[in-house]
Amino acid sequence: GESVGLHLPTLSVQEGDNSIINCAYSNSASDYFIWYKQESGKGPQFIIDIRSNMDKRQGQRVTVLLNKTVKHLSLQIAATQPGDSAVYFCAENLNSGYSTLTFGKGTMLLVSP
Amino acid sequence: EAGVAQSPRYKIIEKRQSVAFWCNPISGHATLYWYQQILGQGPKLLIQFQNNGVVDDSQLPKDRFSAERLKGVDSTLKIQPAKLEDSAVYLCASSLRTSGRETQYFGPGTRLLVL
């Protein structure tokens, strides 16, 4: 598969651990945030989203936390599995009336059995 | 439901040649996006269509890139002439509407290598 991790921040965890991936977003006017997972050779896949009027949202094994004060977003993955190994991107949407997304640089998650 | 389809999956060309990519969005999705993803970076929006009209093409290098969505369904992205720095993955995505909080669904991408 392609090597997308040449200059990406990398998080290495053991199977079963909890993972936390962080993202600093750029625009204080952004009102909608999404986490995407991208496996090697595939397009980004939606994981979870959160609106700016919330500070926490939970999905299946994933939780997103939003701290608007410091423009910080995090993705927590519980009981990380080898299948979670991928590059994770946060994306933000300005309250522009359009669905245009601006993506962050990405973090590679490596899960060891 | 079928996902976003893209073709070709891979393309190798020489600089100054032309290349075209095709995208078929999810059925019923009004909004279609083309992104460029350079190795090690996040996707960057090139152009966004609402039906067959352009919503945002501010980051499209219009001297060499063009895109169309004539019937409001599938779309083509063209590069003419290609440069070495155009080597990237070209991702197509679609969403149901163009409002601010729409989930975008991505295709597998076309991997372009310009030699």
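Relevant structure appears above.
Residues numbered from 1 in each chain as written. Chains lettered and ligands numbered in written order. Predicted model: local features only at pLDDT ≥ 70, side-chain atom pairs only at ≥ 80, totals over all residues. Heavy atoms only, no water.

What follows covers the overall build of chain A. Along the backbone of chain A there are 0 helices and 10 strands. When its helices and strands are written in sequence order, chain A yields β-β-β-β-β-β-β-β-β-β. A principal-axis box enclosing the C-alpha atoms of chain A has dimensions of 40 × 25 × 20 Å. A total of 113 residues make up chain A; the buried ones form 42% of that total. Across chain A, the fraction of contacts at a sequence separation of at least 24, relative to all contacts at a separation of at least 6, is 54%. A distance of 5 Å separates the average location of the 9 positive side-chain charges in chain A from that of its 9 negative side-chain charges. (Helix = DSSP H or I, 4+ residues; strand = E, 2+ residues; numbered from the N terminus. Buried < 20%, exposed > 50% of the residue type's maximum accessible area, 1.4 Å probe, protein only. Contact = heavy atoms within 4.5 Å. Lys, Arg positive; Asp, Glu negative; His and termini not counted. Charge placed at Lys NZ, Arg CZ, Asp CG, Glu CD.)

Here we come to the interface of chain A and chain B. Contact with chain A, which involves 26 residues of that partner, is made by 29 residues of chain B. The contact between chain A and chain B buries some 2000 Å² in all, and 51% of this surface belongs to carbon and sulfur atoms. In this structure, the connection of chain A to chain B is made through 0 salt bridges. Looking at the side of chain A that touches chain B residue by residue, the classes come out as 11 nonpolar, 9 polar and 6 charged. (Buried area = accessible area lost by both parts, 1.4 Å probe. Salt bridge = Lys/Arg side-chain N within 4 Å of Asp/Glu carboxyl O. Nonpolar A, V, L, I, M, F, W, Y, C, P; charged D, E, K, R; others polar.)

All right, on to the pairing of strand β10 (residues 107-112) of chain A then. Working note: regular strand, side chains alternate between the two faces of the sheet. Residues and elements named next belong to chain A. Note: strand β1 (residues 10-14) against β10, 5 bridges, orientation parallel. The residue bridging Q14 from the neighbouring strand is S112, located in β10. In this structure, strand β8 (residues 86-94) lies alongside β10, joined through 3 bridges in antiparallel fashion. When the bridges of β10 are listed, A86 appears paired with L109. (Pairing = 2+ DSSP bridges.)

Okay, the pairing of strand β9 (residues 88-95) of chain B next. Residues and elements named next belong to chain B. Buried residues dominate β9, accounting for 8 of its 8 residues. Side chains A88, Y90, C92 and S94 of β9 all project onto a buried face; the interleaved residues V89, L91, A93 and S95 project onto the opposite face, where all are buried too. As paired elements, strand β4 (residues 31-37) and β9 share 7 bridges and run antiparallel to each other. Note on β9: the bridge partner recorded for Y33 is A93. The sheet contact formed by β9 and strand β11 (residues 110-114) spans 3 bridges and is antiparallel. When the sheet's bridge partners are listed, A88 is paired in β11 with L112. Bridge analysis of β9 against strand β10 (residues 105-106) gives 2 bridges, and the strand direction is antiparallel.

With that settled, consider a nonpolar patch on the surface. Residue and element names in this part refer to chain B. Together, I12, L113 and L115 make up an exposed nonpolar region whose accessible area comes to about 300 Å². Tracing the backbone through its elements, the reader meets L113 in strand β11. Here L113 falls in the partly exposed class, since its relative accessible area comes to 39%. (Patch = residues over 30% accessible without salt bridge, like charges linked within 9 Å, V, L, I, M, F, W, Y side chains within 5 Å. Areas by Shrake-Rupley, 256 points an atom, 1.4 Å probe, with all protein chains shown as cover.)

A few words on the sheet that holds strand β8 (residues 75-79) of chain B. Residues and elements named next belong to chain B. Strand order in the open sheet formed by 4 strands is β1-β3-β8-β7, and the pairing between neighbours is antiparallel. At either margin of the open sheet sits one strand with a lone partner, and together these are β1 (5-7) and β7 (65-68). Averaged over all pairs of adjacent strands, the angle between strand axes in this sheet comes to 15 degrees, irrespective of strand direction. Where β7 and β8 come together, 4 bridges link them in antiparallel fashion. Along β8, the bridge assignment pairs A67 with L77. (Axes fitted to C-alpha atoms, helices over the stretch in contact; angles between N-to-C directions.)

Evaluated as defined, the whole model comprises 2 disulfides over all chains. At a sulfur-sulfur separation of 1.6 Å, the disulfide partner of C23 of chain A is C90 of chain A. Within this pair, whereas C23 of chain A is found in strand β2 (residues 19-24), its partner C90 of chain A is found in strand β8, the two being separated by 67 residues in sequence. Under the relative-accessibility criterion, C90 of chain A is labelled buried at 6%. Disulfide partner of C23 of chain B: C92 of chain B, at an S-S distance of 1.9 Å. Because the sign of the S-S torsion sets the handedness, a value of about -70 degrees for the bond joining C23 of chain B and C92 of chain B places this disulfide among the left-handed ones. (Disulfide = S-S within 2.5 Å.)

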